[in-house]
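# Understanding the architecture of this molecule
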Amino acid sequence: VYVSALFLDILDTTIVNVALPVMGAELGGADVEWVVIGYTLSLAVWIPTSGWLGDRIGTKRTFLFALMAFTVGSVLCGLAQSLTQLIAFRVVQGIGGGMLTPVGIAMLFRAFPPAERAKASTVVMVPTLVAPALGPVLGGWITEYLDWRWIFLVNVPIAMAAWWFGRRYLREHKESTAGRFDASGFVLSAAALALVLYALSEGPRAGWLSAEVLGLGLLGVACAVLLVVVELRVSSPMVELRLFGNRMFRQCNLVGLFSMASFLGVTFVMPQYLQSIRGQSPFTSGLTTFPQAIGVMASSFIAGRLYARIGPRRLMSGGFLAAGLTIALYVGLEVDTNLWLIRGLMLLRGFCMGFA
């Protein structure tokens, strides 16, 4: 059940990007990037909440609710008649998507003892690697040969099968030490994320020093600072910030932050460049970004063998350095740059990032 949900959750972060230019043209709107931002913002808001919900009302009930919310959001996205509706329905979809992964991991750890978790992690790696690879190609093919709405509707049969199976076979689990809901932490984190993201999105259009962008951006930063103060003082915080005192935890989160920001950032911008500037079809665009996922898969398997011999620090540092040098070459892309050169750079970039 978890592997199915994780596959859909990760697939949704890459499959939509390739269809954004077509969505914007059909629904009419300059804010088409909010189709992605609305979903990821909703993920970020609901991920911390899912831990408390799983402990208080049960992991099975929370997981099934999240899967149903994701499914309903997918159906509504497929039926959207305007860009505003699509963005709103993506937020609904993100509510489910944000809860699926944390609650699923908790269930996974309870189902498998420590000795078996390595084998379980190998199975979980399948959707983690396949979904980002499949997303751009599948999204491009659906957009070009069917209709972009099927990008969302294709989730429904898989999600409903997983929901039925989960309702029948998953075991319920609650924690008596869940504590009270941290309402202040929830409100402050949501406000900080929403305000900062809005300022970053509107800055290029309205001007970085405009009253709206500057005011809302600073208010978002103030909410983030206040969130830290509040979370360090309450007895049952929504986000346990003291975990960042652990050096290993802190460093791995920093690596994850920069890895995902780079990975998702380029997979968002590249389809815009290929379709809006180069005039490529959605399917060709998906095939051009696809080699990046092949690179990630290849280096992930190699890194697993080198880990014991070389160690994580050299693998991550070397991977980041090589990825940075590769990304620097993207500055030279022009309107008529050979597509095979771009595919080669995507392959090389994915290979380097996989080590991180």
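The sections below set out a description of the structure shown in this document. (Residues numbered from 1 in each chain as written. Predicted model: local features only at pLDDT ≥ 70, side-chain atom pairs only at ≥ 80, totals over all residues. Heavy atoms only, no water.)

## A look at the overall build of the protein
Summing up its helical and strand segments, the protein has 15 helices and zero strands in all. Relative to the compact-globule value of 21 Å for 356 residues, the protein shows a C-alpha radius of gyration of 21 Å, a close match. In terms of overall dimensions, the protein has C-alpha extents of about 60 × 55 × 45 Å along its principal axes. For the protein, the residues scored as buried account for 44% of the 356 residues in total. Sequence separation of 24 or more characterises 82% of the internal contacts of the protein that already satisfy a separation of 6 or more. For the protein, the exposed surface amounts to about 17900 Å²; the carbon and sulfur share of it is 70%. (Helix = DSSP H or I, 4+ residues; strand = E, 2+ residues; numbered from the N terminus. Rg over C-alpha atoms; globule rule 2.2 N^0.38 Å. Buried < 20%, exposed > 50% of the residue type's maximum accessible area, 1.4 Å probe, protein only. Contact = heavy atoms within 4.5 Å. Areas by Shrake-Rupley, 256 points an atom, 1.4 Å probe, with all protein chains shown as cover.)

## Focus on the environment of Arg309
Relative to the assigned elements, Arg309 resides in helix 13 (residues 291–310). Classification of Arg309 as exposed rests on a relative accessible area of 69%. Linking Arg309 and Ala133, residues 176 residues apart in sequence, is a C-alpha distance of 28 Å.

## Quick look at the nonpolar core
The tendency in soluble globular proteins is for nonpolar side chains to be buried as a group. Val16, Met23, Val35, Phe63 and Leu86 are the most contacted members of the largest nonpolar core, which has 47 residues in total. Sort the elements by how many residues they give to this core and helix 3 (residues 34–57) lands first, with nine residues. Non-local contacts of Leu86, meaning those with residues more than four positions away in its chain, are made with Met23, Leu27, Val35, Cys77, Ala80, Trp148 and Phe152. Counting residues in each nonpolar core, the second largest holds ten residues, with Val266, Tyr330, Leu333 and Leu339 among its members. (Core = buried A, V, L, I, M, F, W, Y, C linked by side-chain atoms within 4.5 Å.)

## Quick word on the layout of surface pockets
By volume, the second largest pocket amounts to about 420 Å³. Listing elements by their share of the lining of the second largest pocket, those giving two or more residues are helix 1 (2–15), helix 5 (83–111) and helix 6 (117–145). Top contributing element to the lining of the second largest pocket by residue count: helix 5, with five residues. The residue makeup of the lining of the second largest pocket, split by class, is twelve nonpolar, three polar and three charged. (1 Å grid on protein atoms, 1.4 Å probe; cavity = no way out; pocket = protein on both sides within 12 Å on 5 of 7 lines; lining within 4 Å. Points joined across faces, edges and corners; volume = space filled by probe spheres on them. Nonpolar A, V, L, I, M, F, W, Y, C, P; charged D, E, K, R; others polar.)

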